[in-house]
Amino acid sequence: MTVTTLPQRILQEQVTRLKEEKNAVILAHYYQEPEIQEVADFIGDSLELAKKAAQTSADIIVFAGVHFMAETAKILNPSKKVLLPDLNAGCSLADSCPPEAFKKLKEQYPDHVVVTYINCSAEIKTLSDIVCTSSNAEKIINSIPHNKPIIFAPDKNLGRYLMEKTGRKMLLWDGACIVHEAFSLDKLLELYKLHPTAQIIAHPESEAHILKAANYVGSTSGMLNYVKNSEKNTFIVATEAGILHQMQKDVPWKTLIPAPAKEDNTCACSECAFMKMNTLKKLYACLENEDPEIILSKDLMKKALVPIERMLKLS
């Protein structure tokens, strides 16, 4: 029987066997497919995964996520082997900020502190003073002296949200995540009419009109904690639909409804096609062959590490 025809349970058993034999750790983002989340050693959002990557004693890190996340793990572990099940698992937000164009902007404002959302390439991190995630972004912005002007990149929606929360004016890069910009306000309000007792929760990468309609705005882990601790029982969730797997495991008695996307699709929600490029079969092959591997130059890793370490110290 070939790998492509193995039942899911057997594949998961083989993945578990391989990671034990090779002293490997599997880090998975909440947006991964449920069958990958079930074999992961740790599931988290960008900040939690960065912390785990920095702390691991494993020889091999398999990052079930997207390319910039695996890059971050490699930067934090330059001597370890870091694998990504599918090297084409990119990020629309990271792609919206080309290094050469961003470098030109930075050169125009040499007195600005450059804060970049972790959802960016390693090259952009080398041009940054400090990195942030949606979990700690407000804390990072508040840590910068008020007399220091700020460039925030690449997510303009998160940037606008942070300006509102902190009262700081920032120069924003015009980037966005296609997944978080895919939610339809009209459809969301129609859905809310059907569930008038529901709480609407949203990720700060969403557009302003979605955030204004939300009862709670927070990071992926923040949304999970909010649902767990809330006395409410019904939630409309405006972020990538992969979060619903872990969320439902945490609160099986609660009703979770994915926020509707503008486009018609199979789940009527917003899914990241890049996150879904990783499959259980690719994860198995990745561990078996120890490939594809994330390769970065020593100089790039050294420069990109500086703003990441500054973030981790503040977190």
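Here the structure is shown first, and the text comes after it.
The structure displayed is predicted, hence computed values, not measured ones.

Caption draft 1: Representation of the sheet that holds strand β3 (residues 60-64) in the model. A sheet is described by the order of its strands in space; here 4 strands give the open sequence β2-β1-β3-β4, paired in parallel fashion. Both edges of this open sheet fall to β2 (42-44) and β4 (81-83), since each of them pairs with a single strand only. When the angles between neighbouring strand axes are averaged without regard to direction, this sheet yields 20°. Sheet topology note: the strand β1 (residues 24-29)/β3 ladder contains 5 bridges and is parallel. Paired with Ala-28 across the bridge in β3 is Ala-64.

Caption draft 2: Here's a closer look at the packing of aromatic side chains. Within this structure, the stated rule accounts for 3 aromatic pairs. For the ring pair Tyr-216 and Tyr-226, a centre distance of 4.4 Å and an interplane angle of 10° mean the geometry is stacked. Remark: Tyr-226 occurs in helix α12 (residues 220-229) and Tyr-216 occurs in strand β10 (residues 216-217); sequence separation between them is 10 residues. You can call Tyr-216 partly exposed: its relative accessible area is 23%. An angle of 85° between the planes, with centres 6.4 Å apart, marks the rings of Tyr-226 and Phe-235 as edge-to-face. Of the aromatic side chains, those joined through ring pairs into one cluster are Tyr-216, Tyr-226 and Phe-235.

Caption draft 3: The arrangement of the environment of Met-301 in detail. Position of Met-301 among the secondary structure elements: in helix α15 (residues 298-314). We classify Met-301 as buried; its relative accessible area is 6%. As a C-alpha pair, Met-301 and Ile-75 span 226 residues in sequence and 5.0 Å in three-dimensional space. Residue contacts for Met-301: discarding those within four places in its chain leaves Lys-74, Ile-75, Pro-78 and Leu-296.

Caption draft 4: Layout of the side chain of Gln-37. Within the element layout of this structure, Gln-37 appears in helix α2 (residues 34-37). For Gln-37, the side chain forms a polar contact with the main-chain oxygen of Tyr-30, separated by 2.9 Å. Sequence-distant contacts of Gln-37, defined by excluding residues within four places in its chain, comprise His-29, Tyr-30, Gln-32, Ile-43, Gly-242, His-245 and Gln-246.

Caption draft 5: Spotlight on the side chain of Ser-221. Looking at the element boundaries, Ser-221 is found in helix α12. When its relative accessible area of 10% is taken as the criterion, Ser-221 is described as buried. In this structure the side chain of Ser-221 is engaged in a polar contact, spanning 2.6 Å, whose partner is the side chain of Asp-45. Residue contacts for Ser-221: discarding those within four places in its chain leaves Asp-45, Glu-48 and Ser-135.

Caption draft 6: Focus on the sheet that holds strand β6 (residues 130-132). Sheet architecture is open: 4 strands sit in the order β6-β5-β7-β8, paired in parallel fashion. Of all strands in the sheet, those bounded by a partner on one side alone are β6 and β8 (170-172). Strand-to-strand, the axes of this sheet are offset by a mean angle of 30°, without reference to chain direction. Each of β5 (113-117), β7 (150-153) and β8 is contacted by helix α9 (residues 156-166), which is oriented at about 165° to β8, the strand it contacts most.

Parameters and conventions
- Per chain, residue numbering runs from 1 following the sequence as it is written.
- With the structure being a predicted model, the display of local features is reserved for residues of pLDDT at least 70 and the display and counting of side-chain atom pairs for 80 or more, all residues being used for whole-chain, interface and lining totals.
- Side-chain descriptors were evaluated using all non-hydrogen atoms of the structure, hydrogens and water having been removed beforehand.
- Here a strand pair is declared whenever DSSP counts at least two bridges between the two strands.
- Elements are defined by DSSP. Helices are runs of H or I of four residues or more, strands are runs of E of two residues or more, and each kind is numbered from the N terminus.
- Axis definition: a line fitted to C-alpha atoms, limited for helices to the stretch in contact. Angles are taken between N-to-C directions and run from 0 to 180 degrees.
- Any two rings among Phe, Tyr and Trp, with Trp reduced to its six-membered ring, count as a pair given centres within 6.5 Å; such a pair is stacked if its planes are under 30 degrees apart, edge-to-face if over 60, and tilted if neither.
- Think of it in three bands: residues with accessible area under 20% of the maximum for their type are buried, residues over 50% are exposed, and the middle band is partly exposed, with areas taken using a 1.4 Å probe on protein chains only.
- Only heavy atoms enter the contact rule, under which two residues are in contact if any of them lie within 4.5 Å.
- Each polar contact in these results corresponds to two N or O atoms within 3.5 Å; when the atoms are within protein, one needs to be able to donate a hydrogen and the other to accept it, and residues that are neighboring in sequence are counted only if both atoms are side-chain atoms.

Note that every value here comes from positions in space, so none of it alone points to a role or purpose.
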